[in-house]
Structure formats: C-alpha cells, structure tokens
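Listed below are the residues making up each chain.
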Amino acid sequence: MEGISAPQKGNGQLFQKKEKWYFSFVISFELQNDILEKTEKSIGVDRGLKYIAVAGDKETGKYVHFSGKHIGHIRRKFSRLRRKIQKTKNTKALKRFEDKEQRIIHYWNHLIAKRIVQFAKQQGVSIIKIEDLSDIRSMKKYWKRSDRNVNSWAFYDLELKLTYKAQLAELEVQKVNPFKTSQECTNCGKTVKKNRRGSLYKCSCGYKKNADVNASFVISTRPSIEEKETAA
Ligand SMILES: [Zn+2]
C-alpha cells in the first residue's frame, strides 16, 4: 500500500433515505478563472453604416470589413424609399417594404456573423467584443431619424446572430462600453475628436489607420461590462 494514502474520514458519507442507500461526497477543484481571463485573446467588432461591420485583431493587425459596395447602395436606396413611403402614409405598402428589407438584412447579417466567427477562429481568439448599444441615446449619432428603427433593429439582429454562431463555435461574445470608441487612438490611448476625419483616423503620436479598423482595435481591448460589474 505504499504511495497510496488511506481514505480520509469525512470524505464520504453513507446514508439511508426512504429505503434507499446513498453515498455522498464532496469534490473540490480550483478554477483559475482570473489567470485564464487575462490571457484570453479577443477581436473587436465595430458596427456602423458605411461599413456594416469591421472585425479587427489588434495583436496581429488583421481585420475583415463588410462594406460591399452594393450593400451600401441598397441601404441608401432603401433609405430613400422608406422616406418616400412614410410620406404617403400607406401603411400596407410600408409593411410590405419593411418585410422585404428585413429579409435582406437577415441574410446579410447571417453571412457577416458567420464570417466574423470564422475570422475569430483564424486569429485563434476566444472572445468577440462588441459595443453595448442597449442605450439608444448612444446610437443617435449613427443615423437619420427615418432610418433609426431599422438600423437599431439591424444592429441588434447582427448581435443575436453573432452571439448564436459564436456559441456554436465555443467562442464568447462580450459587451464593452461604447463611449467614444471612434475617437480613441488604439496606439497611445488618447481620445481626440478631430483625429477622426471621415474614414481616416490620424493621431499626433504618428498612428494612422482606417477609422473603423482603429475603432475595432479599441473595442477589442476594452474590458467587458460584466467583468467590470463583478469587480466593483
Ligand atoms: Zn495616438
């Protein structure tokens, strides 16, 4: 019996309940959650209108973006149509239009979510970070009034599809604070509004990047909102 320690008292318990015998015991193990979380890598996803989504990995500098010239074209066309139909107050026509628009958005979002998950896998990360856009006030900057509903719906739909597909691929989607992600420099951390001019982000530290790609890198390094709440 050398090398094998004798069973310790109190490790298990045999008891009888309603003419059945049970054996209970305790298993304890330690999860090194804090260590794991710090080494887990993430990509960031920036959602917008010009680019529907940009997924970026700050560590490798790689990114994928979904602009698709025809998607932008269709969006503008739909936006014009929507305003036109809204003016006529023809609710039936508006409903038909919205159904068609939703089917198209479903299809895009399905493809985009699939590609983002694929990108995350290629980069070997386990977390996909997105902005927490549940506060509608933070979204106002993104679009015209007439398009607000459909755009917030499209953003949310992409989030749902991304979360679902990420789970299937055993990846985690985490939400981060969206505050000024497009104004922050991912290189030096400074937040300067005028650094973003159109589609270019240019900082006094010398960093220059496509503005949406920079935002996706910023998002990838922000702490998850849930993490922050547990720490508080
Ligand atoms: Zn900078």
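Our subject is the structure that appears above.
Values in this document were obtained by computation on a predicted structure and should not be read as measured data. (Residues numbered from 1 in each chain as written. Predicted model: local features only at pLDDT ≥ 70, side-chain atom pairs only at ≥ 80, totals over all residues. Heavy atoms only, no water.)

Thoughts on a positive patch on the surface
- Together, Arg76, Lys77, Arg80, Lys84, Lys100 and Arg103 make up a positively charged patch on the protein surface.
- Here the positive patch gets four residues from one element, more than from any other, and that element is helix H2 (residues 69-88).
- Looking at the element boundaries, Arg103 is found in helix H3 (residues 91-123).
- For Arg103, a relative accessible area of 56% translates into the label exposed. (Patch = residues over 30% accessible without salt bridge, like charges linked within 9 Å, V, L, I, M, F, W, Y side chains within 5 Å. Areas by Shrake-Rupley, 256 points an atom, 1.4 Å probe, with all protein chains shown as cover. Salt bridge = Lys/Arg side-chain N within 4 Å of Asp/Glu carboxyl O. Lys, Arg positive; Asp, Glu negative; His and termini not counted. Charge placed at Lys NZ, Arg CZ, Asp CG, Glu CD. Helix = DSSP H or I, 4+ residues; strand = E, 2+ residues; numbered from the N terminus. Buried < 20%, exposed > 50% of the residue type's maximum accessible area, 1.4 Å probe, protein only.)

Let's talk about the sheet that holds strand E9 (residues 200-202)
- Strand order in this open sheet of three strands is E8-E9-E10, and the pairing throughout is antiparallel. Two strands lie at the open edges of the sheet, namely strand E8 (196-197) and strand E10 (208-210), each paired on one side alone.
- Pairing analysis gives two bridges linking E8 to E9, with the strands arranged antiparallel. Residue pairing across strands places Arg196 opposite Tyr201, the latter belonging to E9.
- Contacting E8, E9 and E10, helix H5 (residues 211-221) runs over the sheet at an angle of about 95° to E10. (Pairing = 2+ DSSP bridges. Contact = heavy atoms within 4.5 Å. Axes fitted to C-alpha atoms, helices over the stretch in contact; angles between N-to-C directions.)

As for the coordination of the zinc ion
- The protein atoms that coordinate the zinc ion are Cys185 (SG), Cys188 (SG), Cys203 (SG) and Cys205 (SG), at distances spanning 2.3 Å.
- Classification of the site at the zinc ion rests on its four donor atoms, whose angles at the metal span 105 to 115°, yielding the label tetrahedral.
- Every donor residue of the zinc ion comes from the same chain, spaced as C-x2-C-x14-C-x1-C.
- Accessibility expressed as a relative area gives 34% for Cys205, which makes it partly exposed. (Donors = N, O, S within 2.8 Å, 3.2 Å for Na, K, Ca; no water. Tetrahedral: all angles 85-135°; square planar, octahedral: opposite > 155°, others 65-115°.)

With respect to the nonpolar core
- Formed by 24 residues in total, the largest nonpolar core has its most connected members in Ile43, Val45, Ile112, Ile116, Ile128 and Leu162.
- Those elements that provide at least two residues to this core are strand E3 (42-47), strand E4 (53-57), strand E5 (62-66), H3, strand E6 (127-131) and helix H4 (148-168).
- Of the residues forming this core, the biggest block, eight residues, is contributed by H3.
- Those residues in contact with Ile128, other than ones at most four positions away along the chain, are Ile43, Val45, Ile116, Val117, Ala120, Leu162, Ala166, Leu171, Glu172, Val173 and Gln174.
- Within the second largest apolar cluster, nine residues are counted, among which are Val54, Cys185, Cys203 and Phe217. (Core = buried A, V, L, I, M, F, W, Y, C linked by side-chain atoms within 4.5 Å.)

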